[in-house]
Amino acid sequence: MVEIELRPEEFSLFRRYIYEKVGISLSDQKTTLIKGRLNKRLNQLNLTSFKAYYDFLVNDLSGDELALFVSAISTNVTSFFREGAQWKWLETYLPALIASKREKKIRIWSAGCSSGEEPYTILMFLQHHLSDFEQWDIKILATDISAKVLSKAIEGNYDAKQVESLPVEIFHRAFDKIKTEKGLTYQIAPHLRGKVLFRLYNLVTDPFFFKNQFDMIFCRNVMIYFDDVTRHELIRRFTTVLPKGAPLFLGSSESLTTHRDSLKLLGSSIYQRL
Ligand SMILES: C[S@@+](CC[C@H](N)C(=O)[O-])C[C@H]1O[C@@H](n2cnc3c(N)ncnc32)[C@H](O)[C@@H]1O
């Protein structure tokens with residue numbers, strides 16, 4: 001592989017573009033990271049400079065290259081039942097949510113859903129805690145900027161390592177064992193997969209078109225790379241589609257210093273719409 005240099009003026013081009021497109025602010029220290037992680041991509045594309053790659057990126061109107069770039073500089077790491085304390089809290093909140101419903105209808109948004117573990121965990125959780133789960137009209141909107149992780153999420157195939165720590169009773173009702181050429185995989189059962197609507201969606205630049213409100217929003221470990229202005233605006237948009245009392249879940253390392261008049265911290269990075 002040819003080692004291609006990233007010049008400061010090229011880095012500045014990426015910095016401006018990525019901020020405008022995804023709200024990620026790249027500090028100077030990210031030069032080495034970008035150079036290291038994208039050299040392979042430049043080689044794959046037979047490009048000999050980062051300027052040529054920049055031109056390729058901005059001219060790719062499909063957005064695929066942007067998603068690939070974002071994946072290269074950030075992380076798609078996720079897992080089932082991540083942030084355990086939040087699921088414990090949800091156990092205590094669920095009865096109140098159910099009691100408040102006139103219709104058996106639940107709508108949840110998993111914003112920045114990566115390869116699907118988060119939306120499927122929501123369904124596993126609801127299936128486990130609602131004795132009449134099948135009678136409920138449940139839809140999870142699961143969005144991400146990356147087409148690659150979304151296609152994995154839609155397939156819903158996970159390997160043994162990813163599912164081994166799930167409680168047996170939850171696991172058995174949620175997965176089908178599938179034999180493939182590569183070995184055994186565990187696929188989310190069709191009755192659960194059918195309740196998730198996966199969509200490619202950029203939380204920073206795509207229009208906020210939602211007409212209905214959500215019973216809760218998960219946006220966990222997504223805003224870590226956003227600057228304050230971008231984060232502030234996204235949270236403001238979330239509050240417009242959350243009814244009074246509804247929770248917003250952030251990642252455990254994320255906290256809000258703004259929006260005190262519209263969101264109250266309940267603990268474990270869970271905020272409640274006031
Ligand atoms: C670390 S994963 C978190 C997955 C999951 N929410 C969790 O906490 O386990 C962050 C995800 O956010 C997505 N993401 C980053 N910037 C985004 C943006 N501007 N719009 C939509 N998704 C974005 C990434 O593609 C990635 O899949």
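All of these numbers come straight from a predicted model, not from anything done at the bench.

What counts and how
Residues numbered from 1 in each chain as written. Predicted model: local features only at pLDDT ≥ 70, side-chain atom pairs only at ≥ 80, totals over all residues. Heavy atoms only, no water. Helix = DSSP H or I, 4+ residues; strand = E, 2+ residues; numbered from the N terminus. Buried < 20%, exposed > 50% of the residue type's maximum accessible area, 1.4 Å probe, protein only. Lys, Arg positive; Asp, Glu negative; His and termini not counted. Charge placed at Lys NZ, Arg CZ, Asp CG, Glu CD. Core = buried A, V, L, I, M, F, W, Y, C linked by side-chain atoms within 4.5 Å. Domains from an automatic or database assignment. Contact = heavy atoms within 4.5 Å. Pairing = 2+ DSSP bridges. Axes fitted to C-alpha atoms, helices over the stretch in contact; angles between N-to-C directions. Buried area = accessible area lost by both parts, 1.4 Å probe. Salt bridge = Lys/Arg side-chain N within 4 Å of Asp/Glu carboxyl O. Polar contact = N/O pair within 3.5 Å; in protein donor to acceptor, adjacent residues only side chain to side chain. Expected span 1.5 Å × (residues − 1). Bend = angle between axes of the 7 residues up to and from the residue. Right-handed = clockwise from strand over helix to strand, strands pointing away.

## Here's the deal with the overall build of the chain
Right, so step 1: Counting its regular elements, the chain contains eleven helices and ten strands.
Right, so step 2: With the C-alpha coordinates of the chain rotated into their principal frame, the extents come out at 60 × 55 × 30 Å.
Right, so step 3: Considering the chain as a whole, with its 274 residues, one finds that 48% of them fall into the buried category.
Right, so step 4: With 37 positive and 32 negative side-chain charges, the chain shows a spacing of 4 Å between the two charge centroids.

## As for the nonpolar core
Right, so step 1: In this structure, Ile 18, Ile 34, Phe 69, Trp 109, Leu 203, Phe 238 and Leu 248 are the most contacted members of the largest nonpolar core, which totals 46 residues.
Right, so step 2: Counting only elements with at least two residues in this core, the list comes to helix H1 (8–22), helix H2 (30–44), helix H3 (50–59), helix H4 (64–73), strand S1 (105–111), strand S7 (216–219), helix H11 (228–240) and strand S8 (247–250).
Right, so step 3: Per element, the largest residue contribution to this core is six residues, and it comes from H1.
Right, so step 4: Both domain 1 (8–73) and domain 2 (84–273) contribute no fewer than three residues apiece to this core.
Right, so step 5: Aside from chain neighbours lying at most four places away, what touches Ile 34 is Leu 6, Phe 11, Leu 26, Asn 39, Phe 50, Phe 69 and Ile 73.
Right, so step 6: The next biggest cluster of nonpolar side chains, apart from the first, holds 40 residues, and it includes Leu 97, Cys 113, Met 124 and Met 216.

## Some remarks on the sheet that holds strand S3 (residues 157–158)
Right, so step 1: Strand order across the open sheet formed by three strands is S3-S5-S4, with antiparallel pairing between neighbours. Strands with a single pairing partner mark the edges of an open sheet, and in this sheet they are S3 and strand S4 (175–180).
Right, so step 2: Where S4 lies against strand S5 (residues 183–188), six bridges are found, and the strand directions are antiparallel. Within S5, the residue paired with Phe 175 across the bridge is Ile 188.

## Here's the deal with the sheet that holds strand S10 (residues 270–273)
Right, so step 1: If you trace the seven strands from one edge of the open sheet to the other, you get S6-S2-S1-S7-S8-S10-S9, paired in mixed fashion. The sheet terminates laterally at strand S6 (196–200) and strand S9 (263–267), the two strands that pair on one side only. With strand direction ignored, the average angle separating the axes of adjacent strands in the sheet is 20°.
Right, so step 2: Inspection of the sheet shows S1 paired to S7 by three bridges, in the parallel sense. What sits directly across from Ile 108, in S7, is Met 216.
Right, so step 3: In the packing of helix H5 (residues 84–99) onto the sheet, contacts are made with S1, S7, S8, S9 and S10, and the angle to S8 comes to roughly 165°.
Right, so step 4: Lying over the sheet, helix H7 (residues 147–155) contacts strand S2 (137–144) and S6, oriented at roughly 165° with respect to S6.

## Structural notes on the domain arrangement of the chain
Right, so step 1: Under the domain assignment, the chain is made up of domain 1 (8–73) and domain 2 (84–273).
Right, so step 2: Contacts between the two partners involve twelve residues from domain 1 and, on the opposite side, eleven residues from domain 2.
Right, so step 3: Here domain 1 meets domain 2 over a buried area of about 860 Å², counting both sides, of which 56% is carbon and sulfur.
Right, so step 4: For the pair domain 1 and domain 2, the number of links is zero salt bridges.
Right, so step 5: The interface formed by domain 1 and domain 2 holds four residue pairs in polar contact (both at pLDDT 80 or more) in total.
Right, so step 6: Counting residues per element, the ones that place at least two in the side of domain 1 that touches domain 2 are H1 and H4.
Right, so step 7: At five residues, the largest contribution of residues to the side of domain 1 that touches domain 2 is made by H4.

## What about H5?
Right, so step 1: Along its 16 residues, H5 runs 24 Å from first to last C-alpha, staying within 8% of the 22 Å computed at 1.5 Å per residue.
Right, so step 2: The largest bend in H5 amounts to roughly 40° and is located at Tyr 93, with the proline Pro 95 lying one to four residues further along.
Right, so step 3: Listing the buried residues of H5 in full gives Gln 86, Trp 87, Trp 89, Leu 90, Tyr 93, Leu 94 and Leu 97.
Right, so step 4: On its buried face, H5 sits against helix H6 (117–129), S7, S8, S9 and S10.

## Concerning the pairing of S8
Right, so step 1: Burial along S8 is two-sided: the residues Pro 247 and Phe 249 and Leu 248 and Leu 250 are all buried.
Right, so step 2: Pairing geometry for S7 and S8, over three bridges, is parallel. Across the sheet, the residue bridging to Ile 217 is Leu 248, located in S8.
Right, so step 3: For the handedness criterion, the β-α-β arrangement of S7, H11 and S8 is classed as right-handed.
Right, so step 4: As judged from the three bridges shared by S8 and S10, these two strands associate in the antiparallel manner. Within the sheet, the bridge partner assigned to Pro 247 lies in S10 and is Gln 272.

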